[in-house]
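What follows is the residue order along each chain.
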Amino acid sequence: MKKLFAEFFGTFWLVFGGCGSAIFAAAFPELGIGFVGVSLAFGLTVLTMAYAVGHISGGHFNPAVSLGLWAGGKFEGKSLPGYIVAQLIGAIAAAAVLYLIISGKAGFTDVGGFASNGYGDLSPDGYSMQSALIAEFVLTMFFLLIILGSTNQRAPKGFAPIAIGLGLTLIHLISIPITNTSVNPARSTSQALFAGGDYTGQLWLFWLAPIAGAIVAGVIHKAFFDKE
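Everything in this summary refers to the structure shown in the same document. (Residues numbered from 1 in each chain as written. Predicted model: local features only at pLDDT ≥ 70, side-chain atom pairs only at ≥ 80, totals over all residues. Heavy atoms only, no water.)

### Here we look at the environment of Ser-175
By the element assignment, Ser-175 lies in helix 6 (residues 160-179). Ser-175 sits 140 residues away from Phe-35 along the chain, and the two C-alpha atoms are 9.8 Å apart. Here Ile-171 takes part through its backbone oxygen, which lies 2.8 Å from a polar atom of the side chain of Ser-175. Within polar-contact distance, the side chain of Ser-175 engages the side chain of Thr-181 at 2.7 Å. (Helix = DSSP H or I, 4+ residues; strand = E, 2+ residues; numbered from the N terminus. Polar contact = N/O pair within 3.5 Å; in protein donor to acceptor, adjacent residues only side chain to side chain.)

Right, here's the structure in full:
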C-alpha cells in the first residue's frame, strides 16, 4: 500500500504541477512562463517526487514507465495493475483539483482544451496523427532509456532523478507544439476526461504510442545496455 500511495501522490504532483503550469501560467498576460516554463514544471515535478517517494515505489508516476521497466526486467508483472490504477487515480484527482480552481475564475464558462493532448485540429500547431504517433513513440522510448540507464547499478548513485527530470524537460521542449506532450497515458487521460469531446476520441494514441515506445526501450536496454 505504501508503494501505491507513493505512485498516487507522485502522479498527482506531476499532473497538478505540470498541467497546472500550462493551464494557469503559460499564457498569463505579459508575464506568462511559456513553453520553457511548462517544460521545466513537468521536469521539476518528476525530479522532486523521485527524491521524495522514489525510494518507496521506484517513482514511476506513469503507466508507460511501469510497462517499460517491466519489459526491461526491472519490475514485476504482478505489480503492474496496482501501479497503473494508482497512477490513473492520482492523475484524475489532480485534474479534478485543477478544475475546481479554474472554475472559480471570474467569467469561467468551460475548461476548453484544459491541458489535453491532441493531433490534427487538436494539435497546438496542427501536426497530423502520423506526426503525433512518431513523436510520442520516439520520445517515450528515449525517456525510458534515460530512466533505465540512470537507475542502472553501474550508473552514478543519487543522480537518476536529475537526469530523469531534465530528460522530461527536454521532451516537453521538443514536443509541446506537436501534441502538447504526453509520454504518459495517465496524464493524458486525466485531462481528456475533463475536456471531453474529440480529446477523448484521440486518447487512444496517447496510450498506444507511449506504451509501445516504452516497451521497445525496455527490450533495447535489456538486450544491449543492462550488463557489461
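### Considerations on the pattern of salt bridges
Counted under the stated rule, the structure contains three salt bridges. Here the salt bridges share partners, and the residues they tie into one network are Lys-74, Asp-226 and Lys-227. (Salt bridge = Lys/Arg side-chain N within 4 Å of Asp/Glu carboxyl O.)

### Side note on the nonpolar core
Core analysis: the largest hydrophobic core is formed by 46 residues, its most contacted members being Val-15, Phe-114 and Phe-143. With sequence-adjacent residues up to four places away left out, Phe-143 is seen in contact with Asn-62, Val-65, Ile-164, Leu-168 and Ile-171. Of all hydrophobic cores here, the second largest spans five residues; its members include Tyr-119, Ala-132, Phe-206 and Ala-209. (Core = buried A, V, L, I, M, F, W, Y, C linked by side-chain atoms within 4.5 Å. Buried < 20%, exposed > 50% of the residue type's maximum accessible area, 1.4 Å probe, protein only. Contact = heavy atoms within 4.5 Å.)

### Quick notes on empty space enclosed by the protein
Inspection of every chain in the model, using the stated rule, returns one cavity of 30 Å³ or more. Counted as a void, the largest cavity has a volume near 30 Å³. Considering the residues around the largest cavity, the lining is formed by Ala-22, Val-38, Phe-42, Ala-115, His-172, Ile-176, Asn-180 and Arg-187. Elements represented by at least two residues in the lining of the largest cavity include exactly helix 2 (34-57) and helix 6. (1 Å grid on protein atoms, 1.4 Å probe; cavity = no way out; pocket = protein on both sides within 12 Å on 5 of 7 lines; lining within 4 Å. Points joined across faces, edges and corners; volume = space filled by probe spheres on them.)

By themselves, these observations are geometric and do not establish any function.
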